[in-house]
Amino acid sequence: MADGIRDNNTRVDAVVIGAGFGGLYATYRLREQGMKVQAFEAGDGVGGTWYWNRYPGARVDSQSYVYQYWFSDDILNKWNWSERFPSQPEVERYLNFVADECDLRKHYAFETRVTEATYHKETGRWTVVTDKDERYDTQFLVACTGGLSAPSLPDIPGIDDFQGELLHTARWPKEGIDVSDKRVGVIGTGATGIQVIQSLAPLAKHLTVFQRTPTFAIPMRNPEFDDAKRAELKAKYPELKQRVFDTFTGFAFDFQDKDWYSMSDEERREMMEEIWRDGSLSFWVGTCKEVFFDPEVSKQFGEFVAEKIRARVNDPETADKLIPKDHGFGTRRIPLETKYFEAYNRDTVDLVDIRANPIQKITAHGVQTAEGEVPLDTLIFATGFDAGTGAMNRIDIRGRTGELLRDLWERNVRTTMGLQVHGFPNLFTTMAPLAPASAFCNVPTCLQHQVDWISECIRYVREQGKQVIEPTEALEQQWVQHHDELADHTIVMSTASWYVKRNGDGTRRMLSYLGGVNTYRQTCDDIAAKNYEGFAIS
Ligand code: NAP
């Protein structure tokens, strides 16, 4: 070809991008519908998030028994979870097991990144180009690219000068690292930073944590499962597989029935203590809904957690630095932790508050702060992701009018229910903005619902003898408005975090739909039941 890209005569029904939870399931569902599927994955194996995030301490914050696929009783029976909150290697093994059981690998080109996707309105088909300079022709494009998969490295001067080992948690070497004789620095104290810090603190010769914003966190209760416990849980799977789709956040638990103001101080304290002991995210999304709407309730939850932190950190000044002051409890992601706060009781761990003592630059041998240079052998960035839109924006996706999706989203982050985007026919997305999947959800629940919806939608289009489906502008506008109205009522919206994106005109948009997984599912399913009302099918 003149442009150097090989046309390998690959004409398929669907291209799936990604081999994480969503991509594997989409590949499975579409193949089971008799479609010819070509799937791509940038990594050399399956797992998505659980392939890339192999940093020390990486572990899931959802209970294993709801962090799984429900589509196959055979897989549910055969797979045995070892504990309540499994670590990265176990989740990665699980996804490999599913890929093998369902014979999914043969559909994938691994170590292959999709670089371009262009829609042709004359044919109603997409051309997909990869970094192997190959071109594919597909009717449907299903992007399961993940909402937290494009790592973000801050623009700190001197980053290229560092002569030690520099790592981002989401690009961790498979062979791991040995820190026993290393002076290690960690920048970032979100869910990832917390796991890395608590894991490396006992191992490193010295650990310096550079903290910009402290994080409220809940102690994880993580019992191992024996055969009796596994049998007990398996007996509940039929019930759980319904339950997760009916709760607000796709977990097995839901918000309390009682509202905050109907309880006495003693009842509130009792409720908080009881749910705290559960050691799970139910302390965040299983207490009172008011925590997301009412600054006073969020403040009281924050004071409760601050008290717990103070009781665990020996030095009161350090404890104070670890307690968030600029945001309320619940307005940012609450991670689970294990001895995270105790890490700061070690002589070998220092906490640098970089708001008081800012990082000026990275040097050849460490980090230069306003108060002096911190010498380091290893510098770890636990600085998160270009959330929600990052992975899609790194692909040149051109829709019906020739506009790049990236340019549209830079102006205005919008989708129709996180499933499609007006102007981009036959492109389907999972974990995209404006659905619960992008943040407020036990992710596998949402991904399974979205993939089920997408595959049923594609089935419908094909059965009707049609070629193309696209949400109308009116439906998308209606969804965006509804989404914004719900988000604007919350205090999450007024807090800075990866949950909120900025539109080109300076307005802010919540990534995640905040109407609840249960309501979202019902809305999507109602639209499907009305033969995709609001979508143009031709
Ligand atoms: P994150 O929540 O975005 O945290 C990034 C951290 O890096 C924050 O502390 C941030 O500080 C800091 N940071 C960013 N840029 C910086 C800079 N220029 N200088 C100094 N500090 C900087 O990212 P994450 O921890 O990777 O977590 C992302 C999400 O992944 C989580 O919220 C969660 O949903 C998911 N996750 C889940 C699990 C689990 O299930 N167990 C584990 C890990 C991650 P600021 O807060 O001040 O911006």
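Draft legend 1. Local environment of the environment of Thr 49. For Thr 49, the position within the fold is in helix 2 (residues 49–52). Spatially, the C-alpha atoms of Thr 49 and Phe 71 are 21 Å apart, while their sequence positions differ by 22 residues.

Draft legend 2. Examining the pairing of strand 6 (residues 134–143) more closely. In terms of residue burial, strand 6 counts as a mostly covered element, since 9 of its 10 residues are buried. Sheet analysis places strand 5 (residues 125–130) next to strand 6, joined by 4 bridges and oriented antiparallel. Note that in strand 6 the partner of Trp 126 across the bridge is Thr 138. Here strand 5 folds back onto strand 6 in antiparallel fashion, the turn holding 3 residues, of which Asp 133 has a positive phi close to 60°. With 3 bridges joining them, strand 6 and strand 18 (residues 427–429) adopt parallel strand pairing. Each bridged residue has a counterpart across the sheet, and for Ala 143 the counterpart in strand 18 is Thr 429.

Draft legend 3. Representation of the pattern of salt bridges. One pass over the structure, following the stated rule, counts 41 salt bridges. As a salt-bridge pair, Glu 456 and Arg 29 come within 2.7 Å of each other at their nearest N and O atoms. Of this pair, Glu 456 sits in helix 13 (residues 443–463) while Arg 29 sits in helix 1 (residues 21–32), and the two are 427 residues apart along the sequence. Glu 456 sits in the partly exposed class, given a relative accessible area of 32%. Put simply, Lys 299 and Glu 303 hold a salt bridge, and the shortest N to O gap is 3.8 Å. Of this pair, Lys 299 and Glu 303 are both found in helix 9 (residues 295–310), 4 residues apart, which corresponds to roughly one turn of the helix. Several salt bridges share partner residues, and in doing so they unite Arg 29, Asp 452, Glu 456 and Arg 459 into one network.

Draft legend 4. Just the site of the ligand, in detail. Around the ligand, the structure places 24 residues, and the nearest of them are Arg 59, Thr 192, Arg 212, Thr 213 and Trp 498. For the ligand, whose unbound accessible area comes to 910 Å², protein coverage reaches 83%. At 3 residues, helix 5 (residues 191–200) tops the list of elements feeding residues into the shell around the ligand. Of the residues contributing to the shell around the ligand, the split by class is 10 nonpolar, 8 polar and 6 charged.

Draft legend 5. Looking closely at the sheet that holds strand 8 (residues 183–187). Pairing within the open sheet is parallel, and its 5 strands lie in the order 7-16-8-9-12. The two strands at the open ends of the sheet, each matched to only one other strand, are strand 7 (165–168) and strand 12 (349–353). Averaged over all adjacent pairs, the angle separating strand axes in this sheet is 15°, with direction ignored. Both strand 7 and strand 16 (residues 378–381) contribute to a ladder of 4 bridges, which runs parallel. Looking at strand 16, one finds that Leu 167 is bridged to Ile 380.

Draft legend 6. Just the side chain of Glu 90, in detail. When you line up the elements, Glu 90 lands in helix 4 (residues 88–101). One buried charged residue, Glu 90, forms no salt bridge at all, with the nearest opposite charge on Arg 93 at 4.6 Å. Those residues in contact with Glu 90 that lie beyond four places of it in its chain are Trp 79, Asn 80, Trp 81, Ser 82 and Glu 83.

Draft legend 7. Region of interest: helix 7 (residues 265–278). Taking 1.5 Å of rise per residue, 14 residues should cover 20 Å, and helix 7 covers 20 Å from first to last C-alpha, within 8% of that figure. Among all positions of helix 7, only Arg 268, Met 271, Met 272, Glu 273, Ile 275 and Trp 276 are buried. The inward-facing, buried residues of helix 7 contact strand 10 (218–219), helix 8 (282–285) and helix 9. Positive backbone phi, approximately 65°, marks Gly 279, located one or two places after helix 7.

Draft legend 8. Here's a closer look at the pairing of strand 5. In terms of burial, strand 5 is largely enclosed, as 6 of its 6 residues are buried. Pairing analysis gives 6 bridges linking strand 4 (residues 114–120) to strand 5, with the strands arranged antiparallel. The residue of strand 5 that forms the bridge with His 120 is Arg 125. Here strand 4 folds back onto strand 5 in antiparallel fashion, the turn holding 4 residues, of which Gly 124 has a positive phi close to 70°.

Draft legend 9. The state of the cysteines, seen in detail. In this structure the tally under the stated criterion is 1 disulfide. A sulfur-sulfur separation of 1.9 Å characterises the disulfide bridge that pairs Cys 441 with Cys 446. Measuring handedness by torsion sign, the sulfur bridge of Cys 441 and Cys 446 sits at about 105° and is right-handed. The exposure class assigned to Cys 441 is buried, which follows from its relative accessible area of 9%. Lacking any disulfide linkage, Cys 144 is separated from the closest cysteine sulfur, that of Cys 446, by 13 Å. Residue Cys 144 is classed as buried on the basis of its relative accessible area, which comes to 8%. In this structure Cys 524 is not part of a disulfide, and its nearest cysteine sulfur, from Cys 446, lies 9.8 Å away. Judged by relative accessible area, which is 0%, Cys 524 ranks as buried.

Each value, and the rule that gives it
- Residues numbered from 1 in each chain as written.
- Predicted model: local features only at pLDDT ≥ 70, side-chain atom pairs only at ≥ 80, totals over all residues.
- Heavy atoms only, no water.
- Helix = DSSP H or I, 4+ residues; strand = E, 2+ residues; numbered from the N terminus.
- Buried < 20%, exposed > 50% of the residue type's maximum accessible area, 1.4 Å probe, protein only.
- Pairing = 2+ DSSP bridges.
- Salt bridge = Lys/Arg side-chain N within 4 Å of Asp/Glu carboxyl O.
- Near = heavy atom within 4 Å.
- Areas by Shrake-Rupley, 256 points an atom, 1.4 Å probe, with all protein chains shown as cover.
- Nonpolar A, V, L, I, M, F, W, Y, C, P; charged D, E, K, R; others polar.
- Axes fitted to C-alpha atoms, helices over the stretch in contact; angles between N-to-C directions.
- Lys, Arg positive; Asp, Glu negative; His and termini not counted.
- Contact = heavy atoms within 4.5 Å.
- Expected span 1.5 Å × (residues − 1).
- Disulfide = S-S within 2.5 Å.

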